[in-house]
Amino acid sequence: MTVWILITQNIYLIKNISQSLYGVNMISNPQIQKAVESLEADFRRAKALLKSQVSSAHDEHIEQVIQNLARALGLVLFASHDVVEITKKAEIEALRREMSIFDKPNLIMNSDESEFSSYDNRGIVEDDHRITLDIDGIVEEDISITQDVDDVVVQIKYGDDELLKCALHALNSLVLDHMITKERVHHEDMIPVLFNRLSLSKTEHRLIILRILQALVAQDDEHKEKMAEIGNLSILVKSLGRDLEEQQEAVGLLVSLSDVAAVRRRVGRIQGCIVMLVAISNGDDQMASHDAANLLNSLSGNTQYALHMAEASYFKPLVHYLNQGSDMSKILMATAISRMELTDQNRVNLGQYGVIEPLVKMFTTGNLEAKQSSLNALHNLSASKANVQCLIKSGIVATLLQLLFSVTSVLMTLREPASAILAKIAAQSEAGIVLVKQDVAQQMISLLHLTSLVIQCHLLEALNSIAARPNASKVRRKMKENGAVRLLLPFLTESRNTKIRNGALNLIYVLSNDMQGGELMEQLEEMHMNTLINVVSSSSTTDDEKAAATGILSNFPVSDKNVTDIFMRANLLPILVSILTTSTPTTPRLLSENVAAVFIRFTLPSDKKLQQFSAENGVINVLVKLLTCSSIVAKHRAATSLAQLSQNSLALRKSRKARWFSCAPPHPTDSFCQVHDGNCSTRSTFCLLKAGAVPPLVQILQGSEREADEVALSCLATLLHDEIWENGSNMLVKMSCVQPIIKILEEGISLKAQEKSLWILERIFSVEAYRVEYGESAQVVLIDLAQNGDSLLKPTVAKLLAQLELLQPQSSYF
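Residues numbered from 1 in each chain as written. Predicted model: local features only at pLDDT ≥ 70, side-chain atom pairs only at ≥ 80, totals over all residues. Heavy atoms only, no water.

Points about the overall build of the chain
Heads up, the condition is: Secondary structure elements are taken from DSSP: a helix is a run of H or I of four residues or more, a strand is a run of E of two residues or more, and numbering for both begins at the N terminus. Exposed residues in this analysis have more than 50% of their type's maximum accessible area, buried residues have under 20%, and partly exposed residues fall in between, with area computed by a 1.4 Å probe over protein chains only. Contacts are assigned to residue pairs that have any heavy atoms within 4.5 Å of one another. Surface accessibility in these figures is a Shrake-Rupley result with a 1.4 Å probe; residues are shielded only by whichever protein chains are displayed.
A count of helices and strands for the chain gives 51 helices and four strands. Within the chain, the fraction of its 814 residues that count as buried is 52%. A separation of at least 24 residues holds for 67% of the contacts in the chain among residues at least 6 apart in sequence. Surface accessibility of the chain: about 38200 Å² in total, with carbon and sulfur atoms responsible for 50%.

What about the nonpolar core?
Defined as follows: The criterion is simple. A nonpolar core is a set of buried Ala, Val, Leu, Ile, Met, Phe, Trp, Tyr and Cys residues joined through side-chain atoms within 4.5 Å.
Counting 175 residues, the largest nonpolar core has Leu 318, Leu 359, Met 444, Met 479, Phe 567 and Phe 599 as the members making the most contacts within it. Those residues in contact with Met 444, other than ones at most four positions away along the chain, are Leu 401, Leu 404, Phe 405, Leu 422, Leu 459, Ala 462, Leu 463 and Ile 466. Listed in part, the 58 residues of the second largest apolar core include Met 190, Leu 194, Val 217 and Tyr 305.

What to know about the state of the cysteines
Inclusion rule: Any two cysteine sulfur atoms lying within 2.5 Å of each other are counted as a disulfide.
In the structure shown here, the tally under the stated rule is zero disulfides. Of the cysteine sulfurs around Cys 687, a residue in no disulfide, the closest is that of Cys 673, at 3.8 Å. In this structure Cys 687 comes out as buried when scored by relative accessible area, which is 0%.

Considering helix H24 (residues 396-404)
Put simply, the rule reads: By construction, the arc corresponds to the directions joining the helix axis to the C-beta atoms.
Turning to H24, its buried residues are Ile 396, Val 397, Leu 400, Leu 401, Leu 403 and Leu 404. Along the axis of H24, the buried positions cluster into a sector of 160°, meaning they face one direction only.

Brief notes about the confidence of the model for the chain
Atomic detail in the predicted coordinates should be set aside for any region of low pLDDT. Which entries qualify depends on this criterion: pLDDT runs from 0 to 100 and stands for how confident the predictor is about each residue.
Taken residue by residue, the chain gives an average pLDDT of 83. The fraction at 70 or more is 80%. Contacts of residues 658-667 to residues separated by more than four positions or lying in other chains number eight contacts, the stretch itself having pLDDT below 50.

Describing the packing of aromatic side chains
Selection rule: Side-chain rings of Phe, Tyr and Trp (the six-membered ring for Trp) are treated as a pair once their centres are within 6.5 Å; stacked means planes under 30 degrees apart, edge-to-face means over 60, and tilted covers the remaining angles.
Going through the model one piece at a time under the given rule, you end up with two aromatic pairs. Residues Phe 315 and Tyr 353 carry aromatic rings whose centres are separated by 6.4 Å and whose planes lie at 55° to one another, so their mutual orientation is tilted. Taken together, the residues span a long stretch of sequence, with Phe 315 in the loop between helix H17 (303-311) and helix H18 (316-324) and Tyr 353 in helix H20 (residues 344-353) at a distance of 38 residues. Its relative accessible area of 2% is what places Phe 315 among the buried residues. With relative accessibility at 41%, the residue Tyr 353 sits in the partly exposed group. With centroids separated by 6.4 Å and ring planes inclined at 80°, the aromatic side chains of Phe 556 and Phe 567 adopt a geometry described as edge-to-face.

As structure tokens, this is what we get:
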């Protein structure tokens, strides 16, 4: 305990020496500088040891610290004997003597042998960086340094955070001042010790360690070999994932080590290393980014590492190998591209880096393995529109078609990727024109039954894309003339592959859209219709398949009673009603549209029994649902069916007057319809009002889409028949229908919609109150139509203007 009291009581005195000497020009007096630095280092160790008064601080260690302080004080006094500014020299000498009591015999500074009472007769001799003191003994600086290094190593190995911090700073200074030889570094195992601490220490300590390691590397290449051990590199790689400053130091150190072959060979195998380097190279820190890019470049000499970089979306090495590598390297890179799970952006990036051209060259000039790997890679890249354009420019399309229709057995394995690429080309809106112009559709159809399932899928995908183009009418006509529908029908029953069945259904549907009259009947017999109905009713088929099958069924002429009878026998209507009743927002839009198209057949006004059957099976409720929650096409078709049903509502109504002469029980009061002036219901009279169809019809007129205006107006017009026009006018005004109709007149998108709008307004304006209420807002539009509108509209416009007393009945407009 006496030792601790000695240090504690004299801390101020020791500190005063250091502060006093800072006033001296130490640049001109290097002896003082070295003496002070030695004192400060020993002083820090003493303070650290003082803070950790625990049993782990061995007596020997304590004695060494005291001895070092005593020796340092002696050096300071001797080196500064001419400096008059230092006070209390006597006290300092007394303290040095007292500390020297703890000296061991083998240490050079001994209180019994040294006397500093007179400095004039002492001299300092410098030789080979050693300081010799002529004071009844010799003190050599390298012994002091040896003692310092020993302390530092011990503290780095075993010291707590505070001791470690001091030791690391001390070691950093020693290394930067070239005070430690490489032999001493190896002898003390400093590099393993530092890496061990690097894996366990906190951030501020790790930064110092990394800087020390960097300094050691800069001083001697032999240190690199020691650091190149896989365990050390693994510890170093962990620092790549830490904060920015540590990341900078770690990547900088790895770059310094990368000229060692073992480092390049090992570091890329460490899990996460390449991924982190790629992330750093893409980061905002310029220095770290530059270092990471350099390190990646160093590692890219290994093809496996180049592949790992590509998997991390760093493609430069891969592109380099594709352009300049060996044939095997090119195959390796192409195979990697074909297997990668690429994002759309990565596909675009690869195309921009220029991979299309070397891959096409591999396909056209390489051996079978090169052709296979390059085609598979191009297939993966062809999902990008920009890459498809590059493929077309490369001239590969003709070669792909030639390959597809080739009968050479050696090339048969290439058909799959070739057909896949052609399918991608066909799907691109602009690129697909190439296939349309080359008229390859019929050839593709002829191959369908001669190829594998995979190729069949790709061919059907390509054929659907080609046939669905608006400018492909000639292609569709040729396909139909050559019996394409008949060739496709077996796929509906024979294929268990969902994609193939769906592809065949879609293609038949596309072709059937162009078939007029009984043309479709010539292609499909009753057995085929039943097959389609089975697709619609089956729980094992997808919604997309149901949509295509229903679309084909909807293309049969609605007036053909034989088709209707087939549908009735197959119980098709309840099946379709069930599909839409249970539909959800995720139900494909095309399915709703095509079901609505089939309903038009079952609601023809010429067949009241069929209408009754439809109403009893809940068709009207489904139609109203379509008005509110589906596409504009489905709304158009639903409104068409509702208009057909509503045409017969007036004839089917049951008058209240007839009830006086009937023995049947009276209808409930809520069944009375104010428009039809009788007892109505959805199922018995198909009443729009009772079905709640009027509000959604008005919403169609108020909406931004205009495609269904005409049929919505036609549907509302059924409420304005001669016998009920006034009741219907009241209802439409009540439902705020007038302003939307005036808006449709003003926009003038559809002539027929304008005709319907004028007819409805003529009926409504027959009521004086409505002329007064709405005449002013309508007159501007009507006058404009009278002057600039279509000539077909002018007679009706003139009648309306006459109703509004804005035109004489004898006007030439009539």
